[in-house]
Amino acid sequence: MALVLPTFRFARFVDNVTTVAAVAQVNDTGTQSNSASNPHVDTTPVTLLSALAFDVHLLEVAFHQEGGTVDCNGLVDILVDPAGGTSWSELISDIALSYHPYATTSSGLTYWLRFPLFIRAGTSLGFRHRAADSLLTIYVVARCHGEPSRPELWWCGQKIETLGANPSTSKGTNVTPGNSNAWGSWTNIGASTRRYGALALGINGTDASTLNTQYFFQIGAGDVQLPGTPQYMVAAATASLMQYITPAVPVWCDEPSGTTFQVRGMCAGTAEIFNFTLHGVY
Amino acid sequence: MGLIRQPFRFRHYSSNFGAGPASYGTAFTAGTSGALGTAVSVMTLTHDVHLLTVHIGATVAPSGVVGTMLADILVDPAGGTNWSSLISYLAAGNCASLATGTVPVLYTAAWAFPLFIRSGSALGVRGRGGHSVGRGQRVLLQAWGEPSRPDAWWCGQRVETLGYTSGANGTSVTVGSENTLGAWVNIGTTTAAWGAMASSVQPTTDSSLATGEQRIDFGIGSTLLSGHPPLLVFTSSSEDASRMASVCPMFCAVPAGATLQARQFRTDASDVPIDVLLHGVI
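Thresholds, definitions, all that
- Residues numbered from 1 in each chain as written.
- Chains lettered and ligands numbered in written order.
- Predicted model: local features only at pLDDT ≥ 70, side-chain atom pairs only at ≥ 80, totals over all residues.
- Heavy atoms only, no water.
- Helix = DSSP H or I, 4+ residues; strand = E, 2+ residues; numbered from the N terminus.
- Buried < 20%, exposed > 50% of the residue type's maximum accessible area, 1.4 Å probe, protein only.
- Contact = heavy atoms within 4.5 Å.
- Areas by Shrake-Rupley, 256 points an atom, 1.4 Å probe, with all protein chains shown as cover.
- pLDDT = per-residue confidence, 0-100.
- Pairing = 2+ DSSP bridges.
- Axes fitted to C-alpha atoms, helices over the stretch in contact; angles between N-to-C directions.
- Salt bridge = Lys/Arg side-chain N within 4 Å of Asp/Glu carboxyl O.
- Polar contact = N/O pair within 3.5 Å; in protein donor to acceptor, adjacent residues only side chain to side chain.
- Phe/Tyr/Trp six-rings, centres within 6.5 Å; stacked < 30°, edge-to-face > 60°.
- Core = buried A, V, L, I, M, F, W, Y, C linked by side-chain atoms within 4.5 Å.

Undergrad: Teacher, can you tell me more about the overall build of chain B here?
TA: Assigned secondary structure in chain B consists of 0 helices and 22 strands. The buried share of chain B, taken over its 282 residues, is 65%. Contacts in chain B between residues at least 24 apart in sequence constitute 83% of all its contacts with a sequence separation of at least 6. Carbon together with sulfur atoms contributes 52% to the accessible area of chain B, which is approximately 8,700 Å² in total.

What follows is the structure in structure tokens.
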């Protein structure tokens, strides 16, 4: 049964889409990256939001890009500068992304990651990325919620640990889903060094083309799905596009330091290899 | 500042993703010309639920056909023989789902409700379409329950919907001129205090959508609702309307007797009136 509690709300909200006078145009919703000059090399940082006007307790990020005939996989760092945007450091490292189409292709933005995370007012947020192909540019949407009316009702952490990233390939850790509606094997993504209070999953593909089929993915430990964690879905198409059903809420958890996190997948047809990064809030 | 507290998690998660990713979710057929379709059972809960997310999609409306559709999420505490409406009039018109051609289009309308539903209850769905032909829809429900710290999660017990007019329509929001804000439009007056709010939008009556993007703001007393993000809508000439909403539960503190409003901002010369309905968790 639910307890009878006073209501709770965030008093403040800001994003990098609607703070401008006009709604961003469909194809460029969010902030565009600089192009990379070479594969697997970090781009120059770009500011997402300058000098936050309030303390943030929930950060939502979404990514989109144009699919194509090149290897569209990459890793994104969300950056922070407490002093206002001149000296960046990594807040969230190496989030995997892939063929997430522009918002105009009938789906809106479908690739979201949500982090219950404290970020101090006055801090600037930025990002940079590295990609498997130098032609890749991406767009990042950042939404910040802050100043909860009842702080004791909202768990949030202060740092994020990333597992599974391979910066030399601009991808995460290989997972091979099972074919024809069968689950594949659990694959280790990495072992935590902190106690996590929330999780987010980064997803990317493998190469410059995708097969037209659908996938389920789950997060686990000890060859069992973590209780309370949701299932993810990816629909892929031969046009090198992928769309997602990601959890609508932060994936809160309470996993001890030393936990080896795993991912497994299921494909409706013949599976391709996917890559994963896992981001633990502590 | 974030308080130092014990982590929080939901112990249980369930969904109707189904046995395989090629046929995810549950199919239902909306009624025609504003009439209710047949109720379809979606899932029976095996744990208490404290958070419910809803995704709805459909094949896109053929050109020349009004694409409006309102869905009710149904509940039967006894297992699925005597339905009553749990959440009414979720607007999911002109949503695309399932793979269409080379673009993998998933559900484009989604909502999150921090809502208590007792274990053993059956959940169902039914819909009413504005078109003359009953078009197939799909619904995906994801349910999280049994929070590890019940004192850290606010949830309500029922949902009030404002803005329904007739047939398969909500309250049409006045369209502003290009690059200007439209006038505030009253959506309805609450009869109880709301602790969370979700919004529904769909193109009002248009049977031949123009390509464009719009922002919907929410307010009270012709003032923006603080802390509440706007919603972006992207329409296309292929008759789909994708939403960029922050699906994460939008906790709020709206008192009983408050008249909630919406207004529209658009950047295109094309005129796409938008239905707005608001769903408040009580």
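Read on, since the account is not over.
Undergrad: How should the confidence of the model for chain B be read in this particular structure?
TA: Of all residues in chain B, 90% have pLDDT values of 70 or greater, and the mean over the chain is 87. Predicted as a complex, the structure gets a pTM of 0.93 and an ipTM equal to 0.91.

Undergrad: Before we go on, may I ask you to explain the sheet that holds strand 3 (residues 40-44) of chain B in this structure?
TA: Hydrogen bonds between backbone atoms are what pair the strands of a sheet, whose relative direction is either parallel or antiparallel. All names here are of chain B. Across the sheet, which stays open at both edges, the 4 strands sit in the order 3-10-5-6 with antiparallel pairing between neighbours. Every interior strand has two partners, whereas the edge strands, strand 3 and strand 6 (84-91), have only one. Direction aside, the axes of adjacent strands within the sheet are offset by 25 degrees on average. Bridging between strand 3 and strand 10 (residues 122-129) involves 4 bridges; their strand directions are antiparallel. The residue bridging Thr 44 from the neighbouring strand is Ala 122, located in strand 10.

Undergrad: Can you walk me through the sheet that holds strand 8 (residues 124-131) of chain A in this structure?
TA: Residues and elements named next belong to chain A. Across the sheet, 4 strands lie side by side as 3-8-5-6; this open sheet has antiparallel pairing. This sheet does not close on itself; its edge strands, each paired only once, are strand 3 (46-49) and strand 6 (89-97). Averaged over all neighbouring strand pairs, the angle between strand axes comes to 30 degrees, with direction disregarded. The sheet contact formed by strand 3 and strand 8 spans 3 bridges and is antiparallel. Pairing of Val 46 across the sheet is with Phe 127, part of strand 8.

Undergrad: Which parts of the structure should I look at to understand the pattern of salt bridges?
TA: Proximity of charged atoms lets side chains of opposite charge pair with each other. All names here are of chain A. For the structure on display, the rule yields 15 salt bridges over all chains. Between Arg 130 and Asp 42 there is a salt bridge, with the nearest N and O atoms lying 3.0 Å from each other. One end of the pair, Arg 130, is in strand 8; the other, Asp 42, is in the loop between strand 2 (31-32) and strand 3, and 88 residues separate them in sequence. A network of salt bridges, in which partner residues are shared, links Asp 42, Asp 77, Glu 90, Arg 128 and Arg 130.

Undergrad: Explain the side chain of B:Thr204 here, please?
TA: Residue and element names in this part refer to chain B. Along the chain, Thr 204 falls in the loop between strand 15 (194-203) and strand 16 (212-220). Side-chain polar atoms of Thr 204 contact the side chain of Ser 172, separated by 3.2 Å. Residues within four places of Thr 204 in sequence aside, it is in contact with Val 66, Thr 68, Asn 169, Ser 172, Pro 273, Ile 274 and Asp 275.

Undergrad: Just to check I follow, could you spell out the packing of aromatic side chains for this structure?
TA: To describe a pair of aromatic rings, you give the distance between the ring centres and the angle between the ring planes. Evaluation of the coordinates by the stated rule reveals 22 aromatic pairs over all chains. Aromatic pair A:Tyr111 and A:Tyr244: ring centres 4.8 Å apart, planes at 40 degrees, arrangement tilted. In this pair, A:Tyr111 sits in the loop between strand 6 and strand 7 (112-115) while A:Tyr244 sits in strand 17 (residues 241-245), placing the two residues 133 residues apart along the sequence. Of the residues examined, A:Tyr111 reaches a relative accessible area of 0% and is grouped as buried. Ring geometry for B:Phe8 versus B:Phe10: centroids 5.2 Å apart, planes at 80 degrees, classification edge-to-face. Of the two residues, B:Phe8 and B:Phe10, both sit in the buried class.

Undergrad: How should the confidence of the model for chain A be read in this particular structure?
TA: Should the pLDDT be low somewhere, the predicted coordinates at that spot are not to be read in detail. Here chain A shows a mean pLDDT of 88. Residues at 70 or above account for 90%. For the stretch residues 19-26 of chain A, pLDDT sits under 50, and the model shows 25 contacts to residues farther than four places along the chain or on other chains.

Undergrad: What is the right way to read the pairing of strand 11 (residues 136-147) of chain B from this model?
TA: When a strand is regular, its side chains alternate between the sheet's two faces. Residue and element names in this part refer to chain B. When you tally the buried positions in strand 11, you get 10 out of 12 residues, the bulk of the element. For strand 1 (residues 10-15) and strand 11, the ladder comprises 5 bridges, and the chain directions are antiparallel. Looking at strand 11, one finds that Ser 14 is bridged to Ala 143. Strand direction decides the pairing type here: strand 2 (residues 26-29) and strand 11, joined by 4 bridges, are antiparallel. By the bridge assignment, Thr 29 is partnered in strand 11 with Gly 136. One ladder, built from 8 bridges, connects strand 4 (residues 51-58) with strand 11; its direction is antiparallel. Of the residues in strand 11, the one forming a bridge with Leu 52 is Ala 143.

Undergrad: Where do I start with unusual backbone geometry in this structure?
TA: Glycine aside, residues mostly have negative phi angles, and peptide bonds mostly take the trans form. Residues and elements named next belong to chain A. Within the chain, His 40 stands out as a residue other than glycine whose phi angle is a positive 65 degrees. Position of His 40 among the secondary structure elements: in the loop between strand 2 and strand 3. Among the residues examined, His 40 registers a relative accessible area of 29% and is labelled partly exposed. Non-glycine residue Asp 94 carries a positive phi angle of around 55 degrees. With respect to the secondary-structure elements, Asp 94 resides in strand 6.

Undergrad: I keep staring at the nonpolar core and nothing clicks. Help me out?
TA: One recurring pattern in soluble globular proteins is that nonpolar side chains are buried together. Among the nonpolar cores identified, the biggest contains 124 residues, and A:Leu59, A:Ile78, A:Phe115, A:Leu125, B:Val54, B:Ile56 and B:Phe113 are the most heavily contacted of them. In terms of residues, this core owes the most to one element, strand 13 (residues 196-204) of chain A, which gives 6 residues. Those residues in contact with B:Val54, other than ones at most four positions away along the chain, are B:Ile73, B:Leu90, B:Ala109, B:Ala110, B:Trp111, B:Phe113, B:Val139, B:Leu140 and B:Leu141. Counting residues in each nonpolar core, the second largest holds 25 residues, with B:Val185, B:Val233, B:Ala241 and B:Leu260 among its members.

Undergrad: Would you mind going over the environment of A:Phe115 with me for this structure?
TA: All names here are of chain A. Among the secondary structure elements, Phe 115 is positioned in strand 7. With a relative accessible area of 0%, Phe 115 lands in the buried category. Measuring from C-alpha to C-alpha, the distance between Phe 115 and Leu 199 comes to 7.7 Å, with 84 residues separating the pair along the chain. Setting aside anything within four residues of it in sequence, one finds Phe 115 in contact with His 57, Leu 58, Leu 59, Val 61, Ile 92, Ile 95, Ile 160, Ala 200, His 279 and Val 281.

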